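Letter by letter, the chains look like this.
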Protein chains: 2
Amino acid sequence: MKTWQFPVTTFLWLLLNKRMGPKIYFAGSIRGGRQDVDLYYKIIEELKSKYGTVLTEFVGDKRITATGSPPKEYGSDKDIHDNDVSMLEECKYVVAEVTQTSLGVGYELGRAMAMGKSILCLFRPDGEKKLSAMIRGAENGTTFVVKDYKDVTEALSILQEYFATRE
Amino acid sequence: MKTWQFPVTTFLWLLLNKRMGPKIYFAGSIRGGRQDVDLYYKIIEELKSKYGTVLTEFVGDKRITATGSPPKEYGSDKDIHDNDVSMLEECKYVVAEVTQTSLGVGYELGRAMAMGKSILCLFRPDGEKKLSAMIRGAENGTTFVVKDYKDVTEALSILQEYFATRE
């Protein structure tokens, strides 16, 4: 009779995975404009400390500017695209800050939507700019959620509410 | 013995389809900014007259502004999103003008890429703004093509070259 075995590596992997929480893809504007980079950094820190592992910490990296070349470790545009799409496939949640208009964030949301990921979009209305109909109108109350907020405190409380209703 | 029949309706449908050419989804910025609306209009007119049927003529409609409400016939943001995604599914080609940064265009490109559509992106470099790495890096030489151009004449000759190598 074969002895039932529970491999130590599987146990450690489960323990580590539990500790690190679900994988989160944070999306924010890069070449569309870095005006909100400090906010991205704060959201990423909050996600890391309370809700899971952030795969895309570089979005909060101030060395990355809108018009300069990205630091060498990020590779070519094709490397960036292919790595980001792999991370989208790997993640469970996508949290996107969509105030600063960005083609890349839009593309990531389109790919993530097609993959059936759980998506939260955060938008800061300024009284003039309107959020894209393709983003506002993608809201379906379950996998694609769009929330307006006015400041970082409100953004963090939206995160708390969002993750409280999810496992 | 059953007589072979070629239904008249099928014949007419094939004739009409041949005459109207393939369905093309043109993507351009709306709430991201309407600075290039005249250019969108010219590209749409060229696509219609030479290469197929444009499903999204409204992108060249000057009544649609970045900050105003869209004319009533376009419905709610959800209607716009759902209709646009249906048209993406229906089209054969996506032609996107990606100079004016737009979340919606990015989203459409992400969805279209996931659907395996044939995509042509047109970008007008201005010496400062860099095209998103997610768009530039999605180039694969076959289904996703990115071309730089300097003026409308060059854009139209890129269209000619693009469609000449496709059926």
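Computed from a predicted structure; not experimentally measured.

**Concerning the sheet that holds strand β2 (residues 53-54) of chain B**
Residue and element names in this part refer to chain B. On the basis of which strands lie adjacent, the open sheet formed by 5 strands has the order β2-β1-β3-β4-β5 and parallel pairing. Edge strands, defined here as strands with exactly one partner in the open sheet, are β2 and β5 (144-148). When strand β1 (residues 23-27) meets β2, the two strands line up parallel, connected through 2 bridges. Each residue of the ladder has a partner; that of I24, found in β2, is V54. On top of the sheet, helix α4 (residues 103-115) reaches β1, β3 (93-97), β4 (118-123) and β5; it is set at about 155° to β3, its chief contact.

**Notes on the relation of the copies chain B and chain A**
Each copy superposes on the other: chain B lies on chain A with an RMSD of 0.1 Å after a rotation of 180° and an axial shift of 0.0 Å. Such a combination of rotation and displacement between the chain copies is what one expects of a two-fold axis. A share of 100% of interface residues in chain B that are also interface residues in chain A marks the association as one of identical surfaces.

**Re the interface of chain B and chain A**
Chain B puts 39 residues into the contact, and the matching count from chain A is 39 residues. The tally of links from chain B across to chain A stands at 0 salt bridges. At the junction of chain B with chain A, the criterion picks out 6 residue pairs in polar contact (both at pLDDT 80 or more). When residues of the side of chain B that touches chain A are traced back to their parent elements, those giving at least two are α3 (77-90), α4 and α5 (133-136) of chain B. Ranked by residue count, the leading element in the side of chain B that touches chain A is α4 of chain B, at 11 residues. In terms of residue class, the side of chain B that touches chain A is made up of 17 nonpolar, 12 polar and 10 charged.

**Considerations on the packing of aromatic side chains**
All names here are of chain A. Counted under the stated rule, the structure contains 12 aromatic pairs over all chains. Centre to centre, the rings of Y51 and F163 are 4.7 Å apart; their planes meet at 15°, and the pair counts as stacked. Separated by 112 residues along the polypeptide, Y51 in the loop between α2 (37-50) and β2 (53-54) and F163 in helix α6 (residues 152-164) bring together distant segments of the chain. On the basis of relative accessible area, Y51 is assigned to the buried category, the value being 14%. For F163, a relative accessible area of 9% gives the class buried. Relative to Y162, the ring of Y93 has its centre 6.1 Å away and its plane inclined at 75°; by these criteria the two rings are edge-to-face. Residue Y93 is located in strand β3 (residues 93-97), and its partner Y162 is located in helix α6; the two are separated by 69 residues in the primary sequence.

**Observations regarding the pattern of salt bridges**
Residue and element names in this part refer to chain A. Tallied over the entire structure, the rule returns 26 salt bridges over all chains. Here R63 and D61 are joined by a salt bridge, their closest N and O atoms 2.9 Å apart. Residue class for D61 comes out buried when judged on its relative accessible area of 15%. Overlapping salt bridges, with partners in common, bring together D36, E97 and R124 in one network.

**Considerations on the confidence of the model for chain A**
Low pLDDT means the predicted atomic positions in that stretch should not be read closely. Chain-level statistics for chain A give a pLDDT mean of 91 and a share of 91% at 70 or above. Listed scores for the predicted complex are pTM 0.89 and ipTM 0.89.

**Considerations on the sheet that holds strand β5 (residues 144-148) of chain A**
Residues and elements named next belong to chain A. The strand order across the open sheet built from 5 strands is β2-β1-β3-β4-β5, with neighbouring strands paired in parallel fashion. Each of the sheet's edge strands pairs with one partner strand only, and the pair in question is β2 and β5. Relative to β5, strand β4 (residues 118-123) is paired through 5 bridges, and the arrangement is parallel. Bridge pairing in β5 links L122 to K147. Strands β1 (23-27), β3, β4 and β5 of the sheet are contacted by helix α4 (residues 103-115), whose axis makes an angle of about 155° with β3. Along the sheet face, α6 touches β1, β3, β4 and β5 and points at about 160° away from the line of β4.

How each quantity is defined
Residues numbered from 1 in each chain as written. Chains lettered and ligands numbered in written order. Predicted model: local features only at pLDDT ≥ 70, side-chain atom pairs only at ≥ 80, totals over all residues. Heavy atoms only, no water. Pairing = 2+ DSSP bridges. Helix = DSSP H or I, 4+ residues; strand = E, 2+ residues; numbered from the N terminus. Contact = heavy atoms within 4.5 Å. Axes fitted to C-alpha atoms, helices over the stretch in contact; angles between N-to-C directions. Least-squares fit on C-alpha atoms with pLDDT ≥ 70 in both. Salt bridge = Lys/Arg side-chain N within 4 Å of Asp/Glu carboxyl O. Polar contact = N/O pair within 3.5 Å; in protein donor to acceptor, adjacent residues only side chain to side chain. Nonpolar A, V, L, I, M, F, W, Y, C, P; charged D, E, K, R; others polar. Phe/Tyr/Trp six-rings, centres within 6.5 Å; stacked < 30°, edge-to-face > 60°. Buried < 20%, exposed > 50% of the residue type's maximum accessible area, 1.4 Å probe, protein only. pLDDT = per-residue confidence, 0-100.

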